[in-house]
Amino acid sequence: MIAARGLCKHYGPVRAVQDVGFEIHRGEVVGFLGPNGAGKSTTMKMLTGYLVPDAGEVRIAGRPVLADDLAARDAIGYLPEHTPLYRGMRVDRYLEFVARMRGVARGARRAAVERVIERCDLAGYTRRRIQTLSKGYKQRVGLAQALIADPDVLILDEPTSGLDPAEIVRIRDLVVELSRDKTILLSTHILPEVEEVCRRALILAGGRLVADGDLLDLTGAQAARLALTLVGAETAVLEELRGIDGVLGVEGPVLGGQNRARYLIEVVDRFEVAERVLAKASKRSWRVCELRHETATLEQVFLKHTRGLAGVASPAEAAQ
Amino acid sequence: MKRAWFVARREWSAYFSSPLAYVLVLVFTLVQAGLFYFIGYPIAPVPLPGLWDGGQASLLTLFTWLPLSLAVVVPAWTMGAWAEERRGGTEELMLTWPLRPWEWVLGKFLASWSLLSLVAGLLVLPIAFSVHGLGDLDWSTVWVGWIGASLLIAAYTALALCCSALTSEQLVAFLVGSLLLGLLWLLRMLVGLAPSGLAGLLEAASPQSHFLDTAARGVWVWADALYFLLLTAAGLVWNTVLLERRRLQ
C-alpha cells in the first residue's frame, strides 16, 4: 500500500534522510520510531508528496505519489506534526472546505462531514472556531480532516504529542478503531503507544532505517530467554532442562516463596524450546506454574538501535 | 478550476473576519478622499489641484493617486496570504491534497483582486456621486477609470502575492512588496532622466503610463489592458513556481 524505495533528502549540507526504503501492506499499522532529528517527519513529508525526494520514489497503492494525475494523493490522509489548521474557521466550515478541496462529491459532503464529526467525537464543537478549542480537540479536528475523504492510508506524525494523558488515550483508542480498515503509519516518541497500537515498527536513526520488523521479533531478538517456575525443588529438573534440544544454558534453581523454584533458560529459539520444555514438563508431571519469554522492552530495542546515532542535527526539520 | 473557486470562497470569508482588512479599507478610503477633496496631487511636474481649489468635475486627481497608494495598500492586503500559510503549516497540508498549485494561486488571487476592486469601487462611487451633485461629471470616465484601476489592482495583487510567497514573515512580505511596486511606480519618474532609447522602454514598462494617460482620463486602450493582463499572468506564473519550489526545499 505504501512503498518507499531509496529515499534521500538533504537540507543543504545536512543529510536528513539517506536511502530509506520499506513496504507497508494493506491493513498494517506500523509505528515509526526514532530520536528527534532522525528524519521521521522528513520521510513522512516525502511519503505524502509534500517534499520531492532528492532520490528514490514513493508509491501509494501502486501509483507514484508525485504523479500528475494526483490519484495517489486521494488515497492519503495526512496529519502533520503540530496539526496545522485554519484557526479562524469554524470546525464544520473547515471540514466542509477540506471535503470540497479533497474532491468529495457535493451530494456526499454533508454525510462525510457528519461521519468524521461522529467518528472523532466532535459533536457539540462543530460551531466553535478552531482557535478556541483545546489542544486535544484541535488534534481531533486534524484527524477528522485526514479522514474526510475516506482514504485507505493514514500518515500520522506524532498525533499524541503534547496532549494530556486522558486525551492521549482517546486519540490512541481512535487510532486502534481506525486500524480495522486503514493502513496506518504512525510516528511517536511514546513507546508503549507503539506496543499497544502497532504490530510492526520501523526505527529510524541518523536518517537511516536501522530496524524494521514485527514487534515480537524486534523485542524477542534482543534476549532469548525463558523463565520457568515450578512448585517443589526437584533435583532432576536442572539435568532434564539442560538435556533439551536448543537449550544453551540454565541458571537456577532460584528458590522463591511458597516452595517455588525458578529457572532461567538461555535458548536458541524461544518458541520451539518453550514447546519442548512444556512437553517435558507434562511427561515428567512437573507442577509448572509459570513459563514466559523474557523479552527486551521496546525501550531497550530502541536504545540499542539508536545509540550513537541519535543526535544528527537537522536544522531544517527542527525549524518546521 | 473548481478548486480555485473553493479556495477563493474560503479566502473571502477569511478577509471578512479579518480586522486588518477593515482597518486598511477605512484608512485607504479616508486618506484618498481627503487627498482628492483638499490636497490634490502636488507631486507631479504639473500638479493637480484638490476638488475645492480646482473646481473641476473630474476624478482625475483621485485616479492619479492610485498607482502610489495602491503600492502600499495592496502589499498590506496580501502580505499574509502565503506567509501565514507557511508559518502555520497549512501550506504543507494543502500541498499534500489532490490540488494543483496553480489552482491555489488562482483562488488566492481571485479573492484578493475581487475584494480590492470592490474597495476601489467603494471609494470611487461615493466621490463620483458627490462630484456629480456639484457639477457636470462625465460618468463614462468614472466607469473606465474604475475598470482601469481594477486592472492595475490585478497586476499589483499578482506581484504582491509573489512577495508574500517568498517568506513566512508578513512584515518582510509587506516591505518587499511595497518596494517592488514603489520601484515600478518610480519608473515613470525616471523617463525624463533617461536617454531616449531607454526612456521609451521605461515608459512602456511603467504601470503608471498605462493607467494615468488613458483609463484614468476615461480613455479605453486595449493595449493598456493587455499590458496589465500580461503583468498579472507573469505574477501568477511566478507565484506558482515559487509554490512548487517549496517541495524542493
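Keep in mind it's a predicted model, so treat the numbers as computed, not measured. (Residues numbered from 1 in each chain as written. Chains lettered and ligands numbered in written order. Predicted model: local features only at pLDDT ≥ 70, side-chain atom pairs only at ≥ 80, totals over all residues.)

### Considerations on the overall build of chain B
Thought 1: Across its full length, chain B holds eleven helices and zero strands.
Thought 2: When the helices and strands of chain B are placed in sequence order, the string is α-α-α-α-α-α-α-α-α-α-α.
Thought 3: For chain B, the C-alpha radius of gyration of 19 Å lies close to 18 Å, the compact-globule estimate for 249 residues.
Thought 4: With respect to the principal axes defined by its C-alpha atoms, chain B has extents near 60 × 45 × 30 Å.
Thought 5: Every one of the 249 residues in chain B was classed for burial, and the buried ones make up 40%.
Thought 6: Sequence-distant contacts, at least 24 apart, represent 75% of the contacts inside chain B between residues at least 6 apart. (Helix = DSSP H or I, 4+ residues; strand = E, 2+ residues; numbered from the N terminus. Rg over C-alpha atoms; globule rule 2.2 N^0.38 Å. Buried ≥ 20, exposed ≤ 12 C-beta atoms within 10 Å, placed from the backbone. Contact = placed C-beta atoms within 7 Å.)

### Observations regarding the overall build of chain A
Thought 1: Each helix and strand counted, chain A has twelve helices and 14 strands in total.
Thought 2: By its C-alpha atoms, chain A is 75 × 50 × 30 Å across when sized along the principal axes.
Thought 3: When the 320 residues of chain A are sorted by exposure, 42% land in the buried category.
Thought 4: Contacts spanning at least 24 positions in sequence make up 69% of the contacts within chain A whose residues lie at least 6 apart.

### Some details on the pairing of strand β1 (residues 2–11) of chain A
The side chains of a regular strand alternate, residue by residue, between the two faces of the sheet.
Residue and element names in this part refer to chain A.
Thought 1: Bridge count between β1 and strand β2 (residues 14–24): seven bridges; the pairing is antiparallel. When the bridges of β2 are listed, Leu7 appears paired with Val20.
Thought 2: The turn joining β1 and β2, which pair antiparallel and follow one another in sequence, is formed by two residues; a positive phi near 60 degrees is taken by Gly12.
Thought 3: Examined bridge by bridge, β1 and strand β4 (residues 55–60) share five bridges and lie antiparallel to one another. Looking at β4, one finds that Ala4 is bridged to Val58. (Pairing = 2+ DSSP bridges.)

### Side note on helix α3 (residues 91–101) of chain A
Thought 1: Taken across its eleven residues, α3(A) has nine buried, putting it largely inside the fold.
Thought 2: Those residues of α3(A) that fall on the buried side of the exposure criterion are A:Val91, A:Tyr94, A:Leu95, A:Glu96, A:Phe97, A:Val98, A:Ala99, A:Arg100 and A:Met101.
Thought 3: On its buried side, α3(A) packs onto α4 (106–119) and α5 (135–147) of chain A together with α1 (2–16) of chain B.
Thought 4: A positive backbone phi angle near 80 degrees is found at A:Gly103, which sits one or two residues after α3(A).

### Some details on the sheet that holds β4(A)
Residues and elements named next belong to chain A.
Thought 1: Taken in spatial order, the four strands line up as β2-β1-β4-β5 in an open sheet, and their pairing is antiparallel. Strands at the two margins of the open sheet, each flanked by one partner only, are β2 and β5 (63–64).
Thought 2: Here β4 pairs with β5 via two bridges, running antiparallel. Following the sheet pairing, Arg59 is matched in β5 by Pro64.
Thought 3: Strands β1, β2 and β4 of the sheet are contacted by helix α1 (residues 40–47), whose axis makes an angle of about 120 degrees with β1. (Axes fitted to C-alpha atoms, helices over the stretch in contact; angles between N-to-C directions.)

### Some details on the interface of chain A and chain B
Thought 1: Between chain A and chain B, the contact holds 20 residues from the first and 17 residues from the second.
Thought 2: Going through the elements one at a time, α2 (71–74), β6 (76–79) and α3 of chain A are the ones with two or more residues in the side of chain A that touches chain B.
Thought 3: Residue composition of the side of chain A that touches chain B, by class: eleven nonpolar, five polar and four charged. (Nonpolar A, V, L, I, M, F, W, Y, C, P; charged D, E, K, R; others polar.)

### With respect to the nonpolar core
Buried together is how nonpolar side chains tend to be arranged in soluble globular proteins.
Thought 1: Counting residues in hydrophobic clusters, the biggest one holds 137 residues, and the most contacted among them are A:Tyr94, A:Ala144, A:Ile148, B:Val74, B:Leu152, B:Ile153 and B:Tyr156.
Thought 2: With 16 residues, helix α7 (residues 139–165) of chain B is the single largest residue contributor to this core.
Thought 3: Look past the residues within four positions of A:Ala144 in its chain and what remains in contact with it is A:Leu95, A:Val116, A:Ile117, A:Cys120 and A:Leu122.
Thought 4: In terms of nonpolar packing, the next biggest core, distinct from the first, is built from ten residues, A:Leu230, A:Val237, A:Val267 and A:Val277 among them. (Core = buried A, V, L, I, M, F, W, Y, C linked by C-beta atoms within 7 Å.)

### Topic: unusual backbone geometry
Residue and element names in this part refer to chain A.
Thought 1: Not every positive phi belongs to a glycine, and His82 is a case in point at roughly 70 degrees.
Thought 2: Mapping His82 onto the fold places it in the loop between β6 and α3.
Thought 3: Of note in the backbone geometry, Asp150 takes a positive phi value of approximately 50 degrees without being a glycine.
Thought 4: Looking at where Asp150 falls in the secondary structure, it is placed in the loop between α5 and β7 (153–157).

### Topic: the packing of helix α4 (residues 60–88) of chain B against α7(B)
Thought 1: Put simply, α4(B) and α7(B) touch, their axes get as near as 8 Å, and they point 40 degrees apart. Here the hand of the crossing between α4(B) and α7(B) comes out right-handed. (Left-handed = near helix turned anticlockwise from the far one by under 90°.)

### What to know about the sheet that holds strand β11 (residues 225–231) of chain A
All names here are of chain A.
Thought 1: The strand order across the open sheet built from four strands is β12-β13-β11-β14, with neighbouring strands paired in antiparallel fashion. The open sheet has two free edges, formed respectively by β12 (247–255) and β14 (288–294), since each of these has just one partner strand. Within the sheet, the average angular offset between the axes of one strand and its neighbour, ignoring direction, is 15 degrees.
Thought 2: Of the strand pairs in this sheet, β11 and strand β13 (residues 260–267) are connected by seven bridges, and their pairing is antiparallel. By the bridge assignment for β13, Ala227 is matched with Leu264.
Thought 3: Across the sheet, helix α9 (residues 235–242) lies against β11, β12 and β13, angled at about 165 degrees from β12, the strand it touches most.

### Thoughts on the environment of A:Arg127
Residues and elements named next belong to chain A.
Thought 1: Along the chain, the position of Arg127 falls in the loop between α4 and α5.
Thought 2: For the pair formed by Arg127 and Ser187, sequence separation is 60 residues and the distance between their alpha carbons is 30 Å.
Thought 3: Every residue in contact with Arg127, bar those within four places of it in the chain, is listed here: Arg90 and Asp92.

### Focus on the confidence of the model for chain B
Residues and elements named next belong to chain B.
Thought 1: This prediction gives chain B a mean pLDDT of 93; 100% of its residues lie at or above 70.
Thought 2: Confidence scores differ between elements of chain B, with helix α3 (residues 51–54) showing the lowest mean pLDDT of 85 and α7 the highest of 97.
Thought 3: Complex prediction metrics read pTM 0.84 and ipTM 0.90. (pLDDT = per-residue confidence, 0-100.)

### Observations regarding the environment of A:Thr188
Thought 1: For A:Thr188, the location among the structural elements is in the loop between β8 (183–187) and α7 (191–197).
Thought 2: Not counting residues up to four positions away in its chain, the partners in contact with A:Thr188 are A:Gly31, A:Glu158, A:Thr160, A:Glu193 and A:Val194.

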